[in-house]
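Observations on chain architecture
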Amino acid sequence: MSRAGISRRRGRRVRAALLGLGLLGGLLGAAEARTVRIVSADTLELRQVDGQELVIITGEAVELRVDDDVVRARRVEFNRTRRVLTLVGAASYRSAGDGQDLRGENLVVELGQEQVTGEDVLISDSQLEIRGDEVERIPGQLRAAGGYFTTCARCGRTPNDFAFRAERLIVYPGDRLVAYRAQLLLADVPVLFLPVLVLPLNDRERQPRLEVGRDAVDGYTVEADLPFSVGSSTLGTTLLRYYQNRDPSVGLGVSLRSFAPLPLVDRLNLYALANPRPVGSGGYDLDLDFSVRGRLPLVTALRDLDYTLSVTRSDVGRTDSDPQRGVTNVAFGAKADYPLFTADFNYVNRFGPEPTTALTTPLKLPEVTVDPKVYTSGNLSADFRVTAGRYTAASNPLSRSASAQGANITTERLEEQHNLSYTASPWQNADLSLKNTFTGRYYGTGARTVQLTLGATLTQRFNTTNTLSVSGAYNRTEGTSPFAFDALGGRLLSAPLGVTLSAVPARDVTFGASYSRDLFLSPDQQGPLNFTLRVNRRPLTLDASSSVNLYTQALESASFTATLSDPDAGQITPATPGTPARPAGPTWPAPNLALSASGSYARLTGPGPLTLRATVTGDVRTNTFSAYLIHNVRTPDVNEIGVSYTLNRTRDTVLNALTLSGSQRLLPRTADQSGAAQLIGETSLTWRGAYRLSSAHSLLLNRPATAQDSGTLSFSVGTVQGSATNWNVTYGGAYDLVRGGFTRPALSGSLTATRPGQRLALGAALNTPGLDQPRTELSRASLDASWLFGTRAALAGRAAYTRTRSGTFPDDRATDTLTLDPVRLSVGIGRSGQAPGAYLSGSLRQTFTWLDGVRQNPAPLSPVIGLTIDRCCWALQAEADLGLRRYRVAVGLPGQSFYPLFDLTDGNVRVPLVSP
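How each quantity is defined
Residues numbered from 1 in each chain as written. Predicted model: local features only at pLDDT ≥ 70, side-chain atom pairs only at ≥ 80, totals over all residues. Heavy atoms only, no water. Helix = DSSP H or I, 4+ residues; strand = E, 2+ residues; numbered from the N terminus. Buried < 20%, exposed > 50% of the residue type's maximum accessible area, 1.4 Å probe, protein only. Contact = heavy atoms within 4.5 Å. Areas by Shrake-Rupley, 256 points an atom, 1.4 Å probe, with all protein chains shown as cover. Pairing = 2+ DSSP bridges. Patch = residues over 30% accessible without salt bridge, like charges linked within 9 Å, V, L, I, M, F, W, Y side chains within 5 Å. Salt bridge = Lys/Arg side-chain N within 4 Å of Asp/Glu carboxyl O. Lys, Arg positive; Asp, Glu negative; His and termini not counted. Charge placed at Lys NZ, Arg CZ, Asp CG, Glu CD. Polar contact = N/O pair within 3.5 Å; in protein donor to acceptor, adjacent residues only side chain to side chain. Phe/Tyr/Trp six-rings, centres within 6.5 Å; stacked < 30°, edge-to-face > 60°. Lys NZ or Arg CZ within 6 Å of the ring centre and 35° of its normal. pLDDT = per-residue confidence, 0-100.

1. Brief notes about the overall build of the chain
- Scanning the chain for helices and strands turns up 2 helices and 58 strands.
- Per-residue burial over the chain gives 30% buried out of 916 residues.
- Residue pairs in contact within the chain that sit at least 24 positions apart in sequence constitute 37% of those at least 6 positions apart.
- When the accessible surface of the chain is totalled, it reaches about 52,000 Å², and 57% of it is carbon and sulfur.

This is the structure in structure tokens:
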């Protein structure tokens with residue numbers, strides 16, 4: 001073909017794509033709101049056939065998007081008049097909603113009804129593969145004639161382990177598959193004919209359930225849950241209950257959830273169960289949980305009216321004396337949003353026996369709320385809200401008239417709330433703020449409550465950094481509510497006047513003062529005058545605060561924190577554009593030294609502890625040494641003395657990468673004030689960030705005479721935590737300074753090694769001779785390991801050994817315990833190059849005990865041998881416990897847990913599905 005011909009063909013393709021985008025972009029209305037987009041195509045042609053408009057789309061790989069669904073074919077004929085897509089030849093249609101792929105010949109897609117039909121179609125999803133001579137897909141349902149389906153398709157094995165062939169199939173995606181006149185195929189060989197077959201496809205809670213049992217009181221019991229569906233929007237379960245000794249014996253119920261079952265309903269849930277009452281009580285107990293949520297169109301509203309309705313009742317399991325027995329709770333709510341206001345309607349009630357105790361939730365019989373939108377005009381804003389209703393709620397114990405009517409009271413209630421605010425700038429650098437909030441409640445009993453707040457604040461700024469604020473307010477609370485849920489508390493009247501000053505009297509210095517006085521309080525009840533001071537000028541950083549009672553002219557409280565430090569002292573400030581470099585001025589003479597002090601005072605408790613701290617930092621900032629002292633000013637005693645340090649050898653970070661760190665605390669008097677001084681500390685030396693030598697102690701320097709030791713002392717060496725191979729050895733234990741030695745020392749060690757597919761963890765503790773421990777013996781050992789041999793075998797196990805002693809030396813007795821929990825060996829069986837289809841495992845879970853070397857309760861080894869056949873679409877588990885002589889078999893199907901088939905123990909056969 002010539003270059004001109006190729007150019008003309010490319011031009012036709014480009015024009016066709018552009019024309020297709022314009023044409024199909026106008027198909028929104030024709031496709032009843034379904035959006036059709038051309039992703040790829042070569043040519044596009046318009047035709048008029050018998051008065052119908054056709055769009056022919058062809059190409060090597062035509063791809064269309066119908067909303068989120070994907071259509072692929074070589075030729076697509078779109079009938080705009082009938083709103084139908086015909087996929088000529090081999091084509092595919094992927095439904096995004098349920099994740100299904102349809103592949104077949106001459107598929108027909110009806111856009112208006114979202115329906116797909118075709119011949120020789122293959123349907124596949126995450127659970128099933130279905131083939132049919134003729135297939136029809138409509139929303140919520142698939143139908144196939146001459147169908148073949150299997151759950152083994154995703155395994156990739158040939159032939160399929162099991163499959164079904166049927167004259168007619170109906171699939172409800174996500175719920176169930178129904179096959180009529182079906183044949184069961186094992187390895188594609190027919191073995192059984194079934195007139196009707198139902199295969200669940202849903203989650204566990206929607207699976208059929210049958211439980212048969214026997215109870216000492218109820219006799220034989222049966223519980224059956226049978227799923228069902230109504231159309232494509234409602235999924236439910238029928239609940240059947242049978243109790244042999246109850247009267248009546250049969251119970252019936254339903255549990256369902258429905259999505260948009262009606263035009264004005266978005267969601268509907270229902271759970272209802274009429275269950276026979278326990279033996280000795282006739283009749284039924286009723287459990288009911290009904291809820292519905294939806295929307296109603298409103299002409300002038302901003303959005304649809306939202307409503308919710310719930311009805312609940314719970315009698316099953318309640319005694320006859322339970323106050324909630326026979327009570328049905330009803331709650332209805334609706335909310336509308338208009339341009340000028342929002343409105344709420346709420347109805348909450350209970351039906352049944354009258355309540356004898358106080359209600360925890362008020363009943364609204366009903367309640368209406370109107371909330372106009374916030375009104376603003378310049379700097380003025382106003383927000384109003386009105387609520388009116390009739391309520392039944394717990395009585396307010398502070399109201400005598402309400403309490404006289406019982407635990408609960410019923411009456412009307414009107415509530416009005418408003419919030420007004422205004423801001424202005426009366427003159428330069430001044431801000432004025434006014435506000436008014438009000439809540440008034442008026443009751444049918446004649447009672448009322450009022451909450452009123454009037455406030456004003458004037459703030460004047462001086463020189464940008466200084467501000468003076470004057471505020472005043474009037475707060476009023478009065479009245480007694482008959483209801484407990486809106487009872488008011490607190491002071492009735494208050495009129496606080498306040499002054500707040502914030503100033504910067506000098507550079508890097510901030511000063512503040514505030515005082516508030518309530519006009520309704522006596523002078524001795526007024527608050528204190530508060531002062532704050534902050535200095536942040538090197539080398540001094542100071543934060544201080546105090547409060548003074550003006551009535552008694554006494555200091556109420558004070559606190560301070562001061563620090564002297566300047567790590568940048570003597571350094572030259574680098575030059576910046578337009579500013580030359582300049583040396584730092586004389587400040588702190590010791591750049592590497594920081595001194596700090598903190599303390600406090602309270603009039604009721606006196607001065608608090610005084611803390612003094614000194615920190616020295618080396619030329620390398622990682623080297624620090626800090627010492628502190630906490631002094632009790634009132635006693636006066638020293639509460640605590642301590643030091644902490646971190647030192648790094650930095651001359652050569654590879655050869656001399658040493659880090660020494662530690663801390664020491666001296667408590668001259670312990671918390672129990674026994675007079676014993678205590679020394680607590682730790683020290684560690686780390687090399688290259690990988691190995692560490694450390695010690696820790698907590699010792700009483702002068703222990704009580706009744707104590708056996710002074711505390712603990714230990715030394716350890718090992719690797720730093722976090723490495724793949726980690727080990728640690730520790731020696732130490734209780735130590736007595738008086739007798740000068742360890743009393744009950746132990747040497748312990750641990751090792752953990754991790755490699756891909758391998759893990760080993762060892763631990764042991766050895767008791768060594770001490771002042772109160774004469775023997776050397778192993779007291780504890782543990783092993784936790786797992787080892788994967790290729791892809792077919794694995795060995796894992798946990799073992800723990802302990803030794804304890806009872807009695808007095810030398811007549812004490814040793815008890816040794818060895819626990820295997822468990823030791824397991826697993827081997828995968830299957831063809832080379834494929835995933836194992838079966839696993840054979842053996843495990844041992846047992847405890848052995850010896851007393852002075854004599855085995856207690858000797859028993860033979862009790863291994864458990866298991867076999868698991870995993871075929872992806874089904875699984876079989878068999879277990880043999882040789883010690884208990886127990887043999888069990890269970891089977892698992894797609895989307896379901898394992899169901900036990902039989903349990904054989906000492907010759908007794910039990911079938912759990914029939915007799916749990």
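2. Topic: the pairing of strand β48 (residues 758–767)
- Sheet topology places strand β47 (residues 741–755) next to β48; 10 bridges connect them, and they run antiparallel. When the sheet's bridge partners are listed, Ser748 is paired in β48 with Ala765.
- Counted along the chain from β47 to the antiparallel partner β48, the turn is 2 residues long, and its residue Gly757 has a positive phi close to 80°.
- Relative to strand β49 (residues 777–789), β48 runs antiparallel, the two being bridged by 10 bridges. Counterpart to Ala761 in the pairing with β49 is Asp784.

3. Examining the environment of Val196
- Among the secondary structure elements, Val196 is positioned in strand β12 (residues 189–200).
- Between the C-alpha atoms of Val196 and Ala166, which are 30 residues apart in sequence, the distance is 9.2 Å.
- Not counting the four nearest positions on each side in its chain, Val196 is found in contact with Val178, Ala179 and Tyr180.

4. A few points about the environment of Leu87
- As for its placement among the helices and strands, Leu87 is situated in strand β5 (residues 84–95).
- Separated by 20 residues in the primary sequence, Leu87 and Leu107 place their C-alpha atoms 5.1 Å from one another.
- Residues contacting Leu87, with those up to four places away along its chain left out, are Val71, Ala73, Arg75, Val76, Ser92, Asn106, Leu107 and Val109.

5. A closer look at a negative patch on the surface
- The grouping of Glu105, Glu119, Asp133 and Glu134 at the surface amounts to a negative patch.
- Within the element layout of this structure, Glu105 appears in strand β6 (residues 100–110).
- Its relative accessible area of 33% is what places Glu105 among the partly exposed residues.

6. Points about unusual backbone geometry
- Of the consecutive residues Leu365 and Pro366, the connecting peptide bond is found in the cis state with omega at -5°.
- Within the secondary structure, Pro366 sits in strand β22 (residues 363–372).
- Arg538 connects to Pro539 through a cis peptide bond whose omega is 10°.
- Mapped onto the elements of the fold, Pro539 is located in the loop between β32 (529–537) and β33 (540–549).
- One non-glycine residue, Asn857, adopts positive backbone phi at about 50°.
- With respect to the helices and strands, the residue Asn857 is situated in the loop between β53 (854–856) and β54 (863–870).

7. Examining the side chain of Arg325
- Among the secondary structure elements, Arg325 is positioned in the loop between β19 (305–314) and β20 (328–337).
- There is a polar contact of 3.3 Å between the side chain of Arg325 and the backbone oxygen of Asp315.
- Once residues within four sequence positions are removed from consideration, Arg325 is found in contact with Arg277, Asp285, Asp315, Arg318, Thr319, Asp320 and Pro353.

8. Thoughts on the packing of aromatic side chains
- Under the criterion given, the structure shown has 13 aromatic pairs.
- Ring centres 6.3 Å apart and planes at 25° place the aromatic pair Phe848 and Trp850 in the stacked group.
- Judged by relative accessible area, which is 25%, Trp850 ranks as partly exposed.
- Ring-pair connections join several aromatic residues into one group, and the members of that group are Tyr391, Tyr443, Phe483 and Phe485.
- Over the face of the ring belonging to Tyr243 we find Arg246, whose NZ or CZ atom lies 3.9 Å from the ring centre.

9. Description of the pattern of salt bridges
- According to the stated counting rule, one finds 43 salt bridges in the structure shown.
- A salt bridge links Arg538 to Asp566, with the nearest nitrogen and oxygen atoms 3.1 Å apart. Here Arg538 is found in the loop between β32 and β33, whereas its partner Asp566 is found in the loop between β34 (554–564) and β35 (572–573), with 28 residues between them in sequence.
- Judged by its relative accessible area of 48%, Arg538 is partly exposed.
- Here Asp566 falls in the buried class, since its relative accessible area comes to 3%.

10. Things to note about the confidence of the model for the chain
- Scored by pLDDT, the chain has a mean of 85; 87% of the residues are at 70 or more.
- Between the elements of the chain, mean pLDDT differs from a low of 39, seen in helix α1 (residues 3–25), to a high of 97, seen in strand β24 (residues 380–394).
- Per-residue pLDDT stays below 50 along residues 1–33; that stretch engages in 32 contacts with residues further than four places along the chain or on separate chains.

11. With respect to the side chain of Thr392
- Here Thr392 shows up in strand β24.
- Side chain to side chain, Thr392 and Thr410 meet in a polar contact 2.6 Å long.

12. Thoughts on the environment of Asn536
- Mapped onto the elements, Asn536 comes out in strand β32.
- Discounting chain neighbours no more than four positions away, the residues touching Asn536 are Asp508 and Thr541.

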